[in-house]
Amino acid sequence: MLNNKNGIIFGVANKRSIAWATALALHEAGAKLAFTYQGDRLKENVEELTNEAMPGSLLLSCDVSKQDEVDEAFRHIGEKFGRLDFLIHSIAFAPREALGGEYLNTSREAFLTALEISAYSLPQLARAAAPLMTEGGSIVSMSYYGAEKVVAGYNVMGVAKAALEASTRYLAKDLGPRNIRINAISAGPIQTLSARGVSDFSTMLKHHAERAPLGRNVEPREVGQTAVFLCSSMSSGITGEVIYVDCGYNIMGI
Ligand code: NAD
């Protein structure tokens, strides 16, 4: 489905990362992938994973809070790939103390950090990718239900996801004339490194599985497969949307 397509993936930290499950699904669909990692601390993990599953992948250092690293990563991509067809944004961060207790107490610093890394990075990366998407393209980011409804403990990250989802719509309007589509996947809770930062995450997992029409939690692989769909021409008429991959949890009332 994605033969001859080139993509870049932001957000692999380890084998549990949603970005990694997404990479595996995209690779299986025939895409050629480049990966970024946030600093040397995570380089080894990404190297180890890609050496085994897709040797020879292009790996680039990129902390989105450093504009020179973003510029450098896309310069490399331009050199190595020429054309870019899709980008996966699977990045979020908020200081741990802001992911619990009352949102009321969120510090200015935690708010700005969460919004910068988790939301501003979407227009930032879209702006850098767009000139390389010369034959159109697809950008996919990862959101969560806490953007829309209050989820205890998710706090400032819910506010950042709301900004991410609104950005998806504004960017869809800007990028549509270049045939670049942009959508967000709103994934149900998945046990990852980032998820460990959210207080009482195991209660969240249990609650979702009990309430969701499918009676279980979503598998990372299912999020990856939806990303394949969104990066392929099968979804050519879809942009600016938030697509729930949550076993139906979000549709439930009483
Ligand atoms: P993860 O910890 O595996 O991935 C988060 C990634 O963000 C890491 O690779 C980390 O390096 C990267 N990152 C953080 N700060 C960065 C920076 N300054 N520059 C570049 N990269 C940076 O966790 P995950 O759960 O796979 O998260 C991926 C995405 O999925 C996030 O946007 C997250 O909010 C979203 N999401 C997660 C869940 C869940 O339950 N795990 C549910 C819905 C959405």
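Please read these numbers as outputs of a predicted model, since none were measured by experiment.

Chemist: Please give an account of the packing of helix α1 (residues 18-28) against helix α2 (residues 40-53) that cites residues and values.
Modeler: Contact geometry for α1 and α2: axes closest at 12 Å, N-to-C directions at 20°. Considering their axes alone, α1 and α2 lie roughly parallel with respect to each other. Helix-helix and strand crossings are classified by hand; for α1 and α2 the assignment is right-handed. Mapping the contact onto sequence places Trp20, Leu24 and His27 in α1 and Leu49, Thr50 and Ala53 in α2. Tallied by class, the residues present in the contact of α1 with α2 amount to 4 nonpolar, 2 polar and no charged.

Chemist: Outline the nonpolar core, supporting the account with residue identities and numerical values.
Modeler: One finds Ile9, Leu26, Leu33, Phe35, Ile88 and Val223 to be the most contacted residues of the largest nonpolar core, which totals 55 residues. Other than its neighbours up to four places away in sequence, isoleucine 88 contacts Ile8, Ile9, Phe10, Thr22, Leu26, Val140, Met142, Ala227 and Cys231. Of all hydrophobic cores here, the second largest spans 30 residues; its members include Ala34, Cys62, Ile117 and Ile182.

Chemist: Account for the state of the cysteines, with residues named and values stated.
Modeler: All told, the structure shown has 0 disulfides when counted by the stated rule. With no disulfide of its own, cysteine 62 has cysteine 231 as its nearest cysteine by sulfur position, at a separation of 18 Å. With relative accessibility at 5%, the residue cysteine 62 sits in the buried group.

Chemist: Any details on the side chain of serine 167? Residues and values, ideally.
Modeler: On the secondary structure map, serine 167 appears in helix α5 (residues 155-175). Not counting chain neighbours up to four residues away, the residues in contact with serine 167 comprise Leu122 and Pro123.

Conventions used here
- Residues numbered from 1 in each chain as written.
- Predicted model: local features only at pLDDT ≥ 70, side-chain atom pairs only at ≥ 80, totals over all residues.
- Heavy atoms only, no water.
- Axes fitted to C-alpha atoms, helices over the stretch in contact; angles between N-to-C directions.
- Helix = DSSP H or I, 4+ residues; strand = E, 2+ residues; numbered from the N terminus.
- Parallel < 35°, antiparallel > 145°, perpendicular 65-115°, else oblique.
- Left-handed = near helix turned anticlockwise from the far one by under 90°.
- Contact = heavy atoms within 4.5 Å.
- Nonpolar A, V, L, I, M, F, W, Y, C, P; charged D, E, K, R; others polar.
- Core = buried A, V, L, I, M, F, W, Y, C linked by side-chain atoms within 4.5 Å.
- Buried < 20%, exposed > 50% of the residue type's maximum accessible area, 1.4 Å probe, protein only.
- Disulfide = S-S within 2.5 Å.

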